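Observations on chain architecture
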Amino acid sequence: MSDDENDPQAAWHAWHEHRVATVSAPYGPLALIGTHWLADYPEGRIPAVPGRWRTTGGAVALTAAPGDSLQLDGEPFTGDAELGADEGPPSRSRLTAGDMRLVVIRREGEWAVRVFDPGSAARSAFGGIEATPYDPAFVLPGRFTPYAEQRTVQVDNVDGQARGLGLGGELAFRFGGVEHTLQVAVDEDDGSLWAVFGDATGGRSSYRFRFLKPGVPGADGSITVDLNRALLPPCAFADHFICPFPPPGNTLPFEVAAGERRLKGALATGI
């Protein structure tokens with residue numbers, strides 16, 4: 001067993017350092033400079049993005065001319081290609097244009113192209129993540145209760161659009177002698193839980209909402225709820241992400257004075 005596993009504070013510090021390195025990586029969330037919905041460009045031309053882009057129902061059709069200077073799978077690309085949603089990290093995107101990485105995404109049937117630029121202003125200005133040091137009082141025993149069937153609720157997203165958010169159950173835990181619950185999504189691949197939550201610090205001393213990824217519950221539903229690992233959502237790093245707001249009931253009535261709080265230098269105005 002490593003020293004970090006024996007020392008929760010050291011493990012948290014290593015986690016925090018890894019998070020800072022991840023978000024500030026050349027193609028991390030700070031590098032996102034645009035999310036372009038193809039429905040907004042019926043002629044297929046996206047400003048400042050090379051190529052001609054069209055949806056074909058189940059895919060995106062890209063046409064590239066020699067002057068577009070695009071590469072596909074590491075090779076110069078001209079002509080036509082049909083692309084599906086890119087599930088890998090931006091650093092492994094199939095499409096590049098110089099230093100930029102172009103990532104095809106699909107959300108509720110709508111296609112978009114995301115552009116990641118390691119020279120983004122946000123990445124250049126990044127000064128770190130303001131986070132509260134580890135506090136064992138925020139490590140809580142919890143229990144996950146799955147729903148009989150998957151539920152979908154409509155929630156507002158930061159871009160002003162309402163979208164469906166899939167929820168697989170409830171995560172219950174006690175804090176200050178009171179039981180609280182969060183509705184959580186369940187990853188279809190590994191069974192890990194994910195929650196979007198607000199709390200009494202939101203928009204004041206923390207970003208307006210945060211994420212929590214407590215891991216995979218045990219066979220009996222038991223799971224540790226470590227609020228020290230509350231995460232800033234991607235939209236805290238770049239406006240072009242489309243993060244969901246917390247679903248109804250997921251705003252905790254107490255201060256989660258733990259975990260990632262906001263970007264260093266951010267004002268206490270919800271950003």
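Residues numbered from 1 in each chain as written. Predicted model: local features only at pLDDT ≥ 70, side-chain atom pairs only at ≥ 80, totals over all residues. Heavy atoms only, no water.

Some thoughts on the overall build of the protein
Operational definition: Only DSSP runs of H or I reaching four residues or more are called helices, and only runs of E reaching two or more are called strands; each is numbered from the N terminus. Using C-alpha atoms as the atom set, the radius of gyration is obtained and then compared with a globule rule of 2.2 Å times the number of residues to the power 0.38. Only protein chains enter the accessibility calculation, which uses a 1.4 Å probe; a residue whose area is less than 20% of its type maximum is buried, one above 50% is exposed, and one in between is partly exposed. Any two residues having at least one pair of non-hydrogen atoms within 4.5 Å are treated as being in contact. For accessible areas, the Shrake-Rupley method is used with a probe of radius 1.4 Å. Any residue's cover is judged against the shown protein chains and nothing else. Positive residues here are Lys and Arg, negative ones are Asp and Glu, while His and the chain termini are left out of the count. Charge coordinates come from a single atom per side chain, which is NZ of Lys, CZ of Arg, CG of Asp or CD of Glu.
Of the regular secondary structure elements, the protein holds 3 helices and 17 strands. Against the compact-globule benchmark of 18 Å for 271 residues, the protein has a radius of gyration of 20 Å, which places it among compact chains. If you line up the protein on its principal axes, its C-alpha atoms span 65 × 40 × 40 Å. Across the 271 residues in the protein, those meeting the buried criterion constitute 45%. Nonlocal contacts in the protein, meaning residues at least 24 apart in sequence, comprise 60% of its contacts between residues at least 6 apart. Surface summary for the protein: the accessible area is close to 13500 Å², and the carbon and sulfur share equals 49%. The distance from the centre of the 23 positive side-chain charges to the centre of the 35 negative ones in the protein is 4 Å.

Side note on unusual backbone geometry
Of note, Ala48 is a non-glycine position whose phi angle comes to about 70 degrees, a positive value. The backbone of Asp73 shows a phi angle near 55 degrees, a positive value even though the residue is not glycine. One can find Asp73 in the loop between strand 4 (70–72) and strand 5 (75–77). Owing to a relative accessible area of 48%, Asp73 belongs among the partly exposed residues under this scheme.

Structural notes on a negative patch on the surface
The following threshold applies: Residues form patches when they are more than 30% accessible in relative terms and have no salt bridge. Like charges link within 9 Å. Nonpolar side chains (Val, Leu, Ile, Met, Phe, Trp, Tyr) link within 5 Å. Basic side-chain nitrogens of Lys or Arg form a salt bridge, by our definition, when they fall within 4 Å of a carboxyl oxygen of Asp or Glu.
Negative charge collects at one region of the surface, where Asp187, Glu188, Asp189 and Asp190 lie side by side. Inspection of the secondary structure assignment puts Asp190 in the loop between strand 13 (178–186) and strand 14 (193–197).

Digging into the pairing of strand 3 (residues 60–64)
Rule in force here: By this definition, two strands are paired if DSSP reports at least two bridges between them.
Burial runs high along strand 3: 4 of the 5 residues are buried. Judged from the 4 bridges that link them, strand 2 (residues 52–55) and strand 3 form a sheet pairing that is antiparallel. Pairing of Arg52 across the sheet is with Thr63, part of strand 3. Taking the residues between adjacent antiparallel strands as the criterion, strand 2 and strand 3 are bridged by 4 residues, where Gly57 takes a positive phi near 95 degrees. Bridge count between strand 3 and strand 6 (residues 79–83): 5 bridges; the pairing is antiparallel. Of the residues in strand 6, the one forming a bridge with Ala64 is Gly79.

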